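Breakdown of the fold
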Amino acid sequence: MSNRQIGTIVLVIAMFIVAISVLFTNNLARSLQEEQQKNMSIWADATRQIIFADTDADIDFSSSIIEKNTTIPVYICDEEGNVIASRNVEKKFSNLQIFKSSNGHHHGPIELKIDETTTQYIYWDDSSLITRLRYVPYAQFALIFIFIAIAVITMLTGQRSEENRLWVGLSKETAHQLGTPISSLNAWQQLLADEYPADEYVAKMKGDIDRLQMIADRFQKIGSEPTLKPENLIPVVQNAVSYMRARISNRITIDDACLAGLERVVMLNAPLMQWVIENLLKNAVDAISGNGAITLQLLENEHEVMLDITDTGKGIDNKTQRRIFEPGFTSKERGWGLGLPLAKRIVEQYHGGKLLLKHSQPGVGTTFRIVLKKPENG
């Protein structure tokens, strides 16, 4: 069962609990209101008995009934709606209309016939217990909502941690698996160098083997806290450009003229950042069909250095743009969909910077931007 299905089940159960709670609480409140209605009828009868009692009559029982009402707010009004007396109220009102407009749960009236020409009316509000009961479902809903939020956050955090462990495990296993063939290639290259010391292809083979070793070292560093230090970004970018330029068609040009003679110091782990730039350049090359150009542009502000890599390739449609940084997603026939997610991880989690798709338009091209922090001391 997927995390999404589990989350849906939890949400349905929570809503069911809230619905049952609301129904139960409303039924309980309705029962209490009916009981309150009966009590107020008894209270009104006790009031009548006191009003019409003879001077010698024992009114202690009626008085005790009235005195026992300590929770229900009561108003006695005349025929014009003026409040004559009140009991158990925090805020007194002089007029019945003000009372009604300020309270949506008023009840009554019960008539008190004083004499042939005078009638008074008893109105009452819900007791404090009923009032509190009305808020119980909302409190429960809030608690359940908090519970669901915590559960979702915990689930997502756990999923992210699991993804991180998979990333680290995959990277380290890749580095480990590369180690044996690289060692073997080194040995064979050394034999060839001893046999043919002047052969230029043997020297080039050594360069490619060193390249493989550097890639393995990069994968080995994934999952470990990288060492960042103030370093000039320009040589890192130029090295990546030089590497790609020697391996692409002459129909594609890479313009890095803007970097000439510059020095831009950022907090950097050079091997990892060079891999990021190479990956973006490779994606740009793959996006170009036939003739095309890749252009690098350097920008900066007080705290950051920004590197834009723009290609004249096929571009990325809006639907794909939303998913390009998802692990496993790829629009290529070949590929695992790990390049851009890993590059984003290196830039953002390891360097505290940003890697974003600045702009893309199908048939026109794409621009990716890397944002890196300058040292705090400038």
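Look above for the structure.
Below you will find a few notes about this structure. (Residues numbered from 1 in each chain as written. Predicted model: local features only at pLDDT ≥ 70, side-chain atom pairs only at ≥ 80, totals over all residues. Heavy atoms only, no water.)

1. Here we look at the packing of helix H6 (residues 233–245) against helix H7 (residues 270–287)
As a reminder, the rule being used: The axes are straight lines fitted to the C-alpha atoms, using for helices just the contacting stretch, and the angles between their N-to-C directions are given from 0 to 180°. Only DSSP runs of H or I reaching four residues or more are called helices, and only runs of E reaching two or more are called strands; each is numbered from the N terminus. Small angles under 35 degrees read as roughly parallel and large ones over 145 as roughly antiparallel, with 65 to 115 read as roughly perpendicular and the rest as oblique. Crossings are classed by handedness, with left-handed meaning an anticlockwise turn of the near helix from the far one by less than a right angle and right-handed meaning a clockwise turn. Throughout, a residue-residue contact means that at least one pair of heavy atoms, one from each residue, lies within 4.5 Å. Residue classes follow a fixed rule: Ala, Val, Leu, Ile, Met, Phe, Trp, Tyr, Cys and Pro count as nonpolar, while Asp, Glu, Lys and Arg count as charged, and any other residue, Gly among them, counts as polar.
In the contact formed by H6 and H7, the axes pass within 9 Å of each other and the chain directions differ by 45°. Judged by the inter-axis angle, H6 sits oblique to H7. For the element pair H6 and H7, the recorded crossing hand is right-handed. Residues Leu233, Val236, Val237, Asn239, Ala240, Val241, Tyr243 and Met244 of H6 form the contact with H7, whose participating residues are Ala270, Met273, Gln274, Ile277, Glu278, Leu281, Lys282 and Val285. Here the residues of the contact of H6 with H7 sort into 12 nonpolar, two polar and two charged.

2. Some details on the environment of leucine 356
Quick note on the threshold: Exposure categories follow from relative accessible area, calculated using a 1.4 Å probe and restricted to protein chains: below 20% of the type maximum is buried, above 50% is exposed, and the middle band is partly exposed.
With respect to the helices and strands, leucine 356 occurs in strand E10 (residues 354–361). For leucine 356, a relative accessible area of 31% puts it in the partly exposed group. Here leucine 356 is in contact with Phe325, Thr367, Phe368 and Arg369, once residues within four sequence places are set aside.

3. Thoughts on the pairing of strand E11 (residues 365–373)
Short version of the rule: Two strands make a pair as long as DSSP finds a minimum of two bridges between them.
Counting buried positions over the nine residues of E11 gives eight, a clear majority of the element. As defined by bridge partners, strand E9 (residues 304–311) adjoins E11 across eight bridges and the pair is classed as antiparallel. Paired with aspartate 308 across the strands is arginine 369, a residue of E11. Bridging between E10 and E11 involves seven bridges; their strand directions are antiparallel. Across the sheet, leucine 357 pairs through a bridge with phenylalanine 368, a residue of E11. Hairpin remark: E10 followed by E11, antiparallel, with three residues in the connecting loop; positive phi at glycine 363, about 85°.

4. Some remarks on the nonpolar core
Our working rule: In this description, a nonpolar core means a group of buried Ala, Val, Leu, Ile, Met, Phe, Trp, Tyr and Cys residues linked to one another through side-chain atoms lying within 4.5 Å.
If you look at the biggest cluster of nonpolar residues, it comprises 43 residues, and the most contacted ones within it are Met273, Val276, Ile277, Leu281, Ile294, Leu296 and Ile370. The element that contributes the greatest number of residues to this core is H7, accounting for 10 residues. Sequence-distant contacts of isoleucine 370, that is, excluding residues within four places in its chain, are made with Met273, Val276, Ile277, Leu280, Val305, Met306, Leu307, Val347, Lys354 and Leu355. Membership of the second largest hydrophobic core comes to 12 residues, among which are Trp43, Ile72, Leu112 and Ile122.

5. Some remarks on the sheet that holds E10
One open sheet holds the five strands; their spatial order is E6-E8-E9-E11-E10, and the pairing between them is mixed. Of all the strands in the sheet, just strand E6 (252–255) and E10 have a single pairing partner and so form its edges. Neighbour-to-neighbour, the strand axes of the sheet open up by a mean angle of 15°, direction not taken into account.

6. Examining a nonpolar patch on the surface
Stated formally: The patch calculation keeps residues exceeding 30% relative accessible area without a salt bridge and links them within 9 Å when they carry like charges or within 5 Å when they are nonpolar (Val, Leu, Ile, Met, Phe, Trp, Tyr). Per-residue accessibility takes into account occlusion by the displayed protein chains alone, with areas from the Shrake-Rupley method and a 1.4 Å probe. The salt bridge definition used is simple: a Lys or Arg side-chain nitrogen within 4 Å of an Asp or Glu carboxyl oxygen.
Taken together, the side chains of Ile9, Ile13, Phe16, Ile17, Ile20 and Leu23 make up a nonpolar region of the molecular surface, amounting to roughly 580 Å² of accessible area. Tracing the backbone through its elements, the reader meets leucine 23 in helix H1 (residues 3–52). Here leucine 23 falls in the exposed class, since its relative accessible area comes to 54%.

7. Digging into the packing of H7 against helix H9 (residues 339–350)
Orientation of H7 relative to H9, taken along the N-to-C sense of each, is 145°, at an axis distance of 10 Å. When you trace H7 past H9, the crossing you get is left-handed. Where H7 abuts H9, its residues Leu272, Met273, Trp275, Val276, Asn279, Leu280 and Asn283 lie against Gly339, Leu340, Leu342, Ala343, Ile346, Val347 and Tyr350. Here the contact of H7 with H9 is built from residues that sort into 11 nonpolar, three polar and no charged.

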